[in-house]
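Chain and residue survey
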Amino acid sequence: MLLCLILVGQVQSFPTGIDDRGDNGCVCHGGSDDTTTITITGLPESYNSSEIYNFTLSIDSPVSESEDLNQAKGGFRVIISHGEIFSYGWIILEGGYTHNESINSQRSWQATWLAPSDDSKLATFIIHGNAVNGNGESSGDEWNSLALAIPGANYTGEVITPILAEDNDDYFSSDLFYIIGGLSIISLIAIIYLVSKD
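Not measured: the values here are computed from a predicted model.

Glancing now at the packing of aromatic side chains. Evaluated as defined, the whole model comprises 6 aromatic pairs. Summarising the aromatic geometry, the rings of Phe76 and Trp90 are spaced 4.3 Å apart at their centres and angled 40° between planes, so their arrangement reads as tilted. With Phe76 in strand E4 (residues 74–80) and Trp90 in strand E6 (residues 90–93), this residue pair connects regions lying 14 residues apart in the sequence. On the basis of relative accessible area, Trp90 is assigned to the buried category, the value being 9%. Considering the side-chain rings of Trp113 and Phe125, the 5.2 Å spacing of their centres and the 75° angle between planes classify their relative orientation as edge-to-face. Pair noted here: Trp113 is in strand E8 (residues 108–114) and Phe125 is in strand E9 (residues 122–131), with a separation of 12 residues, a long-range link. For Phe125, a relative accessible area of 2% puts it in the buried group. A connected cluster of aromatic rings, assembled from ring pairs, spans Tyr47, Tyr53, Trp113 and Phe125.

Structure below.
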């Protein structure tokens, strides 16, 4: 049982950003919730070769922000298919962009997207954003996701927006539930065996 409690404690938030464990959403920050919304302003409907686009990523949520100006308030993971993103505090971890600790005390970030040199490509963005209450745990936090597709000026294919994984928090929760449940049953059987042996 103690082992199960230890494992539950291993589910934590990542104030320094998230690697590919966040590719399907911010599952360490509570549940996905439609009341938390992600908006991107400044990206074009279609991009030109190697052009620079300044954009803003914002998270709006009913999750209360900590009054402490230095406490975490939000975070993100952005996965793009083409181009590069540049901005203070944005870092690349295992194929996606995320925040470092110096910029997690906000829910709005400015950045620059350098479009790919080949404007015959379809650039896709998958953005996962979380709103956190600053308690250092996943309780009370919420997240959501947004997907975008931006064709290049000479792209001739169909514009298909990436499909977001559905019910990520349910998937994560059910996996965790089965792991903890299985370990609990094994622990209980071991305890009953040891008690009945005496």
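As a further point, take the sheet that holds strand E2 (residues 37–41). Judged by pairing direction, the sheet is antiparallel, and its 4 strands sit side by side in the order E2-E3-E8-E5 without closing on themselves. In this open sheet, the two edge strands, each paired with only one partner strand, are E2 and strand E5 (84–86). Here the average twist between neighbouring strands, direction ignored, is 30°. Bridge count between strand E3 (residues 52–60) and E8: 7 bridges; the pairing is antiparallel. Opposite Phe55, over in E8, you have Ala111 as the bridge partner.

Looking at the protein chain as a whole, the pLDDT averages 77, with 72% of positions reaching at least 70. Looking over the protein chain, one finds the lowest element-wise mean pLDDT in helix H1 (residues 2–9), namely 37, and the highest in E3, namely 97. Predicted confidence is poor over residues 1–27, with pLDDT under 50, and the contacts of this stretch with residues over four places away or in other chains come to 59 contacts. Taken together, the stretch residues 167–178 has pLDDT below 50 and engages in 12 contacts with residues farther than four places along the chain or on a different chain.

So, about the pattern of salt bridges. Per the stated rule, a full pass over the model turns up 1 salt bridge. The salt bridge involving Glu65 is made with Arg107; its shortest N-O contact spans 3.8 Å. In this pair, Glu65 sits in the loop between E3 and E4 while Arg107 sits in the loop between strand E7 (96–99) and E8, placing the two residues 42 residues apart along the sequence. Residue Arg107 is classed as buried on the basis of its relative accessible area, which comes to 9%.

Conventions and cut-offs
- Residues numbered from 1 in each chain as written.
- Predicted model: local features only at pLDDT ≥ 70, side-chain atom pairs only at ≥ 80, totals over all residues.
- Heavy atoms only, no water.
- Phe/Tyr/Trp six-rings, centres within 6.5 Å; stacked < 30°, edge-to-face > 60°.
- Helix = DSSP H or I, 4+ residues; strand = E, 2+ residues; numbered from the N terminus.
- Buried < 20%, exposed > 50% of the residue type's maximum accessible area, 1.4 Å probe, protein only.
- Pairing = 2+ DSSP bridges.
- Axes fitted to C-alpha atoms, helices over the stretch in contact; angles between N-to-C directions.
- pLDDT = per-residue confidence, 0-100.
- Contact = heavy atoms within 4.5 Å.
- Salt bridge = Lys/Arg side-chain N within 4 Å of Asp/Glu carboxyl O.

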